[in-house]
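Examining the three-dimensional arrangement
Given next are the chains, with one letter for each unit.
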Amino acid sequence: MTDTPRTTGVEESLAEERFRAIAEINSLMVWRAAPNGRPLGDCEWQRFLGDESDPDDGERWIRCLHPDDQAPVRSQWRQAFRRGTPFEAFYRVRQPQGDYRWCQGRGTPLTDTRGVIREWIGTVADVHDKFQAVNASVVNEERLKVALDVNDLGIWDHDLESDTFWASEVIARMTGLYPSREANPRQFWHFVHPEDRYGVRQVLRAALAGAVTGHFELQFRAHRHDQERLALIGCSARLIFNDQGRPVRVVGVFRDISEEQEEQVQLYYEAHYDSLTGLRNRKLFTEQAQALFDQGGGGACLLLELDGFQEARNTLGQEASNRLLQLTAHRLSQALPDATLLARLTGEEFIALVPGQHSRGAVLTLAESIHAALLETFMVSDRPVALSGHVGAAVAPGPGADARALIDDAHLALADAKATGYSASRIYRPALREALRLRQDMSAELRRAALGEEFELYYQPQVSLDSGRIVGAEALLRWNHPERGLLTPNLFLPLLKRSPMARIVGDWVVAQACEAGARLHAQGRPLRLAVNLFSAQFKAGGVEKTVARELERHALPARWLEIEITERVIINNDHSLRASLQALREQGCELAFDDFGTGYASLSMLKDFPLTRLKVDKSFIDGIPGSTQDNAVVSAMVQLAATFGFQLTAEGIEHPSQASTLKQWGCQEGQGYLFGKPMPWAELVKALDGQGRRG
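These notes cover the structure that comes with them. (Residues numbered from 1 in each chain as written. Predicted model: local features only at pLDDT ≥ 70, side-chain atom pairs only at ≥ 80, totals over all residues. Heavy atoms only, no water.)

1. Re the pairing of strand β12 (residues 341-346)
Of all six residues in β12, five are buried, a share of seventy percent or more. When β12 meets strand β13 (residues 349-355), the two strands line up antiparallel, connected through five bridges. Considered in β13, the bridge of Leu-342 is made with Ala-352. Where β12 folds back onto β13 in an antiparallel hairpin, the turn is made up of two residues. (Buried < 20%, exposed > 50% of the residue type's maximum accessible area, 1.4 Å probe, protein only. Helix = DSSP H or I, 4+ residues; strand = E, 2+ residues; numbered from the N terminus. Pairing = 2+ DSSP bridges.)

Listed below in structure tokens is the structure:
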């Protein structure tokens, strides 16, 4: 800078005032210094330095800088002062309040015509706010970079006018392009899987043609250059338009969603498929069946429950039983049509929906196909396993069907099949649901009856065929229903046997019979009373303790109480039943085998259980003496009982000819309408009184 013409003192003062006014307007501090650095004029640094500083010290202003800034700024100032060159530095200045603010200091020498420095002049500008903003921008940029890297997010920018492509570092790693450099967009297409390029181009063309309103998303496969693998890339992009509404740029992000997609696939599989067999689960089966119905389709729904699987699992163990289920699923898949929706509902339940099958004949044919698939013996862990099953079916005729309701119908048909017999198949009919409703209502009423003393014991006489005298009586349950009147066992006993109240009612029967028998015994005319026990009492355990407690409580000798058990009770209980019966027999109770010959019991049971009496079922008595076959069966039973030393009672005797024939064959006792119907206790006592008067 060259020297200017000399000015007067007034002009010089006016110029300085102008400089200061301009400085104040621009938030500047103006300073002047002699060639040796000594401050000239009023020094504005003084308000930062205080009054104790040396006014002739050319570097005294450096003492009000931040300690970390003093040495580098001093070095810069001395170098500029020594060379006579302009000076610029950024430093923090201590404020009167004690804090620091960033400033920008500048200085330049003023020279005369010979180039000799006449003085120094400079400014100090407060740039703290701007400096902080720049720092914040740098920090935010670093934070964004870290966030993008951590989340594997890549940013790209395609300039449509120059047809150049810019990619961030993440995309550069993915694609192999150079980061932050403009590239040819054609290089990008090598990144996209060849089979997906057409679809990606179609989306881009639609976006540029105005088919979308600025934002679009797509997915495509790509070869990741940095990981040497095929990846699924999710792309989200936005069009940027100029003032005329024409797209000029496309800006977007890439993200590798491979793992996320795999997780979603796995989660979907776990939520919709059976992990053991690979078949659909209940959720997916219901959804797909409902979708079929909503589209106007229909079909047959067949529900299979395996028989023998629990025994196989107990024998083979968990791993082998899992293999058995897998083999079953495979056989069912092979046996049913290709369009079948096949699923596993529970441990041993499979369900199938066969579209287009509506007729009863077609449904039964499908059921037979399922039974046939189970017919061949399974080989699991080198061991043969035999399975069978029951099938319940329901038909969805067409539009408007409800999948969940159809499954419920199939369950009702399955229950009907299980009640029918071995490997049976049944088709749903509305009467099954009505029967279910009645059973549910009665179940609630049975609970009320058990707790509200609505049950009563009736007694049917058992007589000696020789003398005709009453020698015993069977206690039979009756229900004094508050609305339907007196109900016989055939109306409620099948349901009661399966209900949680069976044990409670069974124990009550024992207590009532012991109390009644004790009253007769106390009067000196003891009578054998027979009671039927439920299977639930034996399964719960402790039935012998219950009987012993009631006998003791009522002071009734055990020989006057007879326990009747049916073949079904024996078959449905394990070996612990034998121990309970043995304990009852040791107490002195009589044990009768009821309904002998009507079930699946074998003759070996007569040896295995401590029985004292056989009871011939009414179905055999009805045919004698006219039926040669019934005569042969009953006479054989008489001989069998005699051989084993059992007493024999014939049930259902209604005609004198039946009684006389049985007497001739050697049957000791009879029971039936010929001798008396089941009656209240008071009527039985009257019959005993009348018998006593007759001698």
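2. Quick notes on the side chain of His-554
Its place among the elements puts His-554 in helix α18 (residues 543-554). A relative accessible area of 17% places His-554 in the buried class. Ignoring anything within four residues of it in the chain, the contact list for His-554 reads Ala-511, Cys-514, Glu-515 and Ala-518. (Contact = heavy atoms within 4.5 Å.)

3. A few points about the nonpolar core
Core analysis: the biggest nonpolar cluster contains 76 residues, and Tyr-459, Phe-492, Ile-563 and Leu-662 have the highest contact counts within it. Looking at this core element by element, the count peaks at nine residues for helix α16 (residues 502-522). In this structure, Leu-662 is in contact with Leu-465, Ile-621, Ile-624, Val-634, Ala-650, Ile-653 and Cys-667, ignoring residues within four places of it in sequence. In this structure, Ala-367, Leu-374, Leu-387 and Ile-427 belong to the second largest nonpolar core, which totals 30 residues. (Core = buried A, V, L, I, M, F, W, Y, C linked by side-chain atoms within 4.5 Å.)

4. Focus on the environment of Gly-666
You can see Gly-666 is positioned in the loop between α24 (656-665) and β26 (669-671). Take Gly-666: its relative accessible area is 38%, and that puts it in the partly exposed class.

5. Notes on the pattern of salt bridges
For the structure on display, the rule yields 34 salt bridges. For Glu-161, the salt bridge goes to Arg-246, with nearest N and O atoms at 3.3 Å. Pair noted here: Glu-161 is in the loop between β5 (153-159) and β6 (164-167) and Arg-246 is in the loop between β9 (229-241) and β10 (247-256), with a separation of 85 residues, a long-range link. By relative accessible area, Glu-161 is classed as exposed at 56%. Taking the relative accessible area as the measure of exposure, Arg-246 reaches 44% and is therefore partly exposed. Residue Arg-221 pairs with Glu-195 through a salt bridge whose shortest N-O separation is 3.0 Å. Within this pair, whereas Arg-221 is found in strand β8 (residues 215-224), its partner Glu-195 is found in helix α7 (residues 194-208), the two being separated by 26 residues in sequence. Several salt bridges converge on common partners, so that one network encompasses Glu-474, Glu-564, Lys-615 and Glu-651. (Salt bridge = Lys/Arg side-chain N within 4 Å of Asp/Glu carboxyl O.)

6. Concerning unusual backbone geometry
Between Ile-624 and Pro-625 the backbone carries a cis peptide bond, its omega angle lying at 0°. Position of Pro-625 among the secondary structure elements: in the loop between α22 (618-621) and α23 (628-644). Positive phi, normally seen in glycine, also occurs at Asp-163, with a value near 55°. Note on placement: Asp-163 falls in the loop between β5 and β6. The exposure class assigned to Asp-163 is partly exposed, which follows from its relative accessible area of 40%. One non-glycine residue, Ser-381, lies in positive phi territory at about 55°. Tracing the backbone through its elements, the reader meets Ser-381 in the loop between β14 (378-380) and β15 (383-385). Owing to a relative accessible area of 54%, Ser-381 belongs among the exposed residues under this scheme.

7. Some words on the packing of aromatic side chains
Counting across every chain of the model gives 19 aromatic pairs. Aromatic pair Phe-191 and Phe-254: ring centres 6.3 Å apart, planes at 25°, arrangement stacked. Here Phe-191, found in the loop between α6 (186-189) and α7, pairs with Phe-254, found in strand β10; they are 63 residues apart in sequence, far enough to count as distant. A ring pair is formed by Phe-455 and Phe-492, whose centres lie 5.9 Å apart and whose planes are at 40°; its orientation type is tilted. Taken together, the positions of Phe-455 in strand β18 (residues 455-464) and Phe-492 in the loop between β20 (485-487) and α15 (493-498) put the pair 37 residues apart, joining distant regions of the chain. On the accessibility criterion, Phe-455 (8% relative accessible area) is buried. (Phe/Tyr/Trp six-rings, centres within 6.5 Å; stacked < 30°, edge-to-face > 60°.)

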